[in-house]
Amino acid sequence: MVERAMTCREALNLLPLFFDGELDANQMRAVALHSTRCGGCEDQLRRMERVQEVISAQVSGAVDEVDFSTLWRGIDERLGTVHVSWWTRARAWWGERERSWVITGPAFAAAAAVALLGFLLWTRTPPTTQPDASQVANVDIESLDSDVDAVTVLNDNETRTTVIWVSDDTPAGGDTP
Amino acid sequence: MNGMSGVALSAFVTVLGLQYVALAAEGSPEVTSSPAANAVEVRIGAVLASNSSQEFDARLAVMHRQFNVLFPYTSYRLVKEEHQRVPWGGKVGFDIPGGRYVMVIPREFKNDRVYMKVMVIEGSRPIIDTSVSLRDHATFLVGGPREHEGVLILSIGADTLH
């Protein structure tokens, strides 16, 4: 199936979304392919990149100038300490407990639910001592699409290397390592 | 009776909420506090691998073991090496042998990993269109496109710039 080439008008409308990474895979591919062949759209994309760089530099510079080193000391100085006797605290606790079963009941229920959930999660996770491929390999592949006949992904534990191998005009396995 | 109904309802809602939080946590990686990376440098190396000789390009010495273990070729020659700095969300392109083109869009730096989109374009079609995450300074390989009497192996890596 031959895809219709994107026009400049369509591409320019989508460039801001492309730049923000908000296009779906097909649209992103179409815009990318168009911009590799259209100087005007490529220039527009470069301009957007430059604007972002300038804004990013400005914001980073402004944040760097803020002195946070005395922030907590300032807060700490404004905090006071209130001394309450143990008898007063005990009476307050007991009185609150008597009056508010409606509050403490759900709290106990929540604690029980947390314990139950923890148990369920613990029993769902099988123990293992073997590192999985994502720990061994340096690379995780989140999505992969291709127009060629066959694509093979190899995560080699020995060399800790990830290889994406494309086989286009050869029989399956012909040149695959 | 009403109190107990309230307790049961609270417990039910709490369990549902916690399960939702747990499932959400499973689906999204935890963000760790990494120093902010202002930009990223994308590295591309194009290696011509073949069985036409026994030549091993000295510039590929650090990858000697990987190539010997992973691929069945006897000759490896670096035909292009390039690196470009790019802001997050920006696009960087590399021309590679055979009229092909590699486009990389670094998305973000999270959990000490670089998330980026990589496209290898041949003619008007993408032979690879992938989204990957890799550790800072790591490299992965894309191989297989035919070139002269051998195949092209691309090494693609990213280094954050602070």
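Scroll up to find the structure this text is about.
Residues numbered from 1 in each chain as written. Chains lettered and ligands numbered in written order. Predicted model: local features only at pLDDT ≥ 70, side-chain atom pairs only at ≥ 80, totals over all residues. Heavy atoms only, no water.

### Remarks on the environment of B:Ala37
Residue and element names in this part refer to chain B.
No. 1: Along the chain, Ala 37 turns up in the loop between α1 (2-27) and β1 (39-50).
No. 2: For the pair Ala 37 and Phe 109, spaced 72 residues apart in the sequence, the C-alpha separation amounts to 6.9 Å.
No. 3: Aside from chain neighbours lying at most four places away, what touches Ala 37 is Trp 88, Phe 109, Thr 160, Leu 161 and His 162. (Helix = DSSP H or I, 4+ residues; strand = E, 2+ residues; numbered from the N terminus. Contact = heavy atoms within 4.5 Å.)

### Brief notes about the packing of helix α1 (residues 8-19) of chain A against helix α3 (residues 39-65) of chain A
Residues and elements named next belong to chain A.
No. 1: Between α1 and α3, the least distance of the axes is 10 Å, while the angle of their chain directions is 20 degrees. Comparing their axes, α3 and α1 come out roughly parallel. Crossing geometry of α1 relative to α3 is assigned as right-handed. Contacts from Cys 8, Ala 11, Leu 12, Leu 15, Pro 16, Phe 18 and Phe 19 of α1 reach α3 at Cys 41, Gln 44, Leu 45, Met 48, Glu 49 and Gln 52.
No. 2: Residues belonging to the contact of α1 with α3 are distributed by class as follows: 10 nonpolar, two polar and one charged. (Axes fitted to C-alpha atoms, helices over the stretch in contact; angles between N-to-C directions. Parallel < 35°, antiparallel > 145°, perpendicular 65-115°, else oblique. Left-handed = near helix turned anticlockwise from the far one by under 90°. Nonpolar A, V, L, I, M, F, W, Y, C, P; charged D, E, K, R; others polar.)

### What to know about the interface of chain A and chain B
The parts lose accessible area when they come together, and the size of an interface is often stated as this lost area.
No. 1: Each partner contributes to the interface: chain A provides 55 residues, whereas chain B provides 57 residues.
No. 2: Of the roughly 4700 Å² buried between chain A and chain B, counting both surfaces, carbon and sulfur atoms make up 58%.
No. 3: A per-residue breakdown of the area chain A buries against chain B is headed by A:Asn138, A:Ile164 and A:Trp165, which together make up 12% of the total.
No. 4: Between chain A and chain B we count three salt bridges in total. (Buried area = accessible area lost by both parts, 1.4 Å probe. Salt bridge = Lys/Arg side-chain N within 4 Å of Asp/Glu carboxyl O.)

Everything listed here is a matter of geometry and, on its own, says nothing about what the molecule does.
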